[in-house]
Amino acid sequence: VQLQASGGGLVQPGGSLRLSCAASGLVFSSFDMGWFRQAPGKEREFVAGTMWSGRSTTYADSVKGRLTISRDNAKNTVYLQMISLKPEDTAVYYCAARVSRVGIEGNTWDRVDYWGQGTLVTVSS
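Counting restarts for each chain, with residues numbered from 1 along the sequence as it is written. Predicted model: local features are reported for residues with pLDDT of at least 70 only, side-chain atom pairs are reported and counted for 80 or more only, and whole-chain, interface and lining totals are derived from all residues. Water and hydrogen atoms were dropped before computing side-chain values, which therefore reflect all heavy atoms in the structure.

(A) Examining the nonpolar core more closely. In this description, a nonpolar core means a group of buried Ala, Val, Leu, Ile, Met, Phe, Trp, Tyr and Cys residues linked to one another through side-chain atoms lying within 4.5 Å. To sort residues, take the accessible area from a 1.4 Å probe on protein chains only and compare it with the maximum for the residue type: under 20% means buried, over 50% means exposed, and anything in between is partly exposed. Within the largest apolar cluster, 30 residues are counted, with the highest numbers of intra-cluster contacts made by Trp-35, Val-47, Leu-80, Met-82 and Tyr-93. A run of H or I in DSSP becomes a helix once it reaches four residues, and a run of E becomes a strand once it reaches two; helices and strands are each numbered from the N terminus. Looking at this core, the elements that each hand over two or more residues are β1 (2-6), β3 (17-24), β4 (31-38), β5 (45-50), β7 (67-72), β8 (77-82), β9 (91-99) and β11 (119-123). Pairs of residues are marked as contacts when any of their non-hydrogen atoms sit within 4.5 Å. In contact with Val-47, other than residues within four places in its own chain, are Trp-35, Phe-36, Arg-37, Thr-58, Tyr-59, Ala-60, Val-63, Leu-67, Leu-80 and Tyr-93. Judged by nonpolar contacts, the second largest core, of 6 residues, contains Phe-46, Ala-96, Ile-104 and Val-112.

Below is the structure:
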């Protein structure tokens, strides 16, 4: 199984980025997908999640209204659209996959089956 994240980079405050995570080696539509991030000196934290069908999504309070998770099951890809970026959004962003189960909220992501390698997002002027 491979989760290949891409799309990170340097962006100014207020700017936008779209991250992608392409999955292979798994039945993508059987997995809920999520994004986590880890800022320097901090623990990894949940950012957003989507159930296998894409019909239900959830977000950390700190990113609600600015980040949008979506998925394309035909392309085995999950996205994270980020707008109005802030310096505190600076982190390595990881995509995550878990076998689909009931509940999509952040506190249900205690078990992740597969992790991507991470892509760095730096928000700075």
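(B) Here's a closer look at the environment of Ala-60. Mapped onto the secondary structure, Ala-60 falls in the loop between β6 (57-59) and β7. Since its relative accessible area comes to 17%, Ala-60 is described here as buried.

(C) Examining the pattern of salt bridges more closely. Note on definitions: salt bridges are taken to be side-chain nitrogens of Lys or Arg within 4 Å of carboxyl oxygens of Asp or Glu. Throughout the structure, instances matching the rule amount to 7 salt bridges. Here Arg-98 makes a salt bridge to Asp-32, at a shortest N to O gap of 2.9 Å. Here the residue Arg-98 occupies a position in strand β9, and Asp-32 occupies one in strand β4, the gap between them amounting to 66 residues. On the basis of relative accessible area, Asp-32 is assigned to the buried category, the value being 0%. Residues participating in the shared-partner salt-bridge network are Arg-37, Glu-45, Arg-66 and Asp-89.

(D) Molecular detail of the pairing of β7. Because side chains alternate across β7, one face comprises the buried residues Leu-67, Ile-69 and Arg-71, and the other comprises Thr-68, Ser-70 and Asp-72, none of which is buried. DSSP bridges decide pairing: two strands pair if at least two such bridges lie between them. Two strands pair when backbone bridges link them, and β7 and β8 are joined in this way by 6 bridges, in the antiparallel orientation. Residue Ile-69 lies in a different strand from β8, and its bridge partner there is Leu-80. In textbook terms, the turn of a hairpin is the stretch between consecutive antiparallel strands, and for β7 and β8 this stretch comprises 4 residues, one of which, Asn-76, has a positive phi near 55 degrees.

(E) Representation of the packing of aromatic side chains. Working definition: a ring pair exists when centres of Phe, Tyr or Trp rings (six-membered ring for Trp) sit within 6.5 Å. Plane angles under 30 degrees give stacked, over 60 give edge-to-face, the rest tilted. The final tally for this structure, using the stated rule, is 5 aromatic pairs. Arranged with centres 5.9 Å apart and planes meeting at 50 degrees, the rings of Phe-31 and Tyr-114 form a pair that is tilted. Taken together, the residues span a long stretch of sequence, with Phe-31 in strand β4 and Tyr-114 in strand β10 (residues 114-115) at a distance of 83 residues. Its relative accessible area of 9% is what places Phe-31 among the buried residues. For Tyr-114, a relative accessible area of 31% puts it in the partly exposed group. Pairing Phe-36 with Trp-115 gives two aromatic rings, centres 4.9 Å apart and planes at 70 degrees, and the pair type is edge-to-face. Taken together, the positions of Phe-36 in strand β4 and Trp-115 in strand β10 put the pair 79 residues apart, joining distant regions of the chain. Lysine and arginine charges are scored as sitting over a ring when NZ or CZ, respectively, is within 6 Å of the ring centre and within 35 degrees of the ring normal. Across from the ring centre of Tyr-94, 4.0 Å away, lies the NZ or CZ of Arg-44, which sits over that ring. The residue whose ring lies beneath Arg-71 is Phe-28, and the NZ or CZ to ring-centre distance is 4.4 Å.

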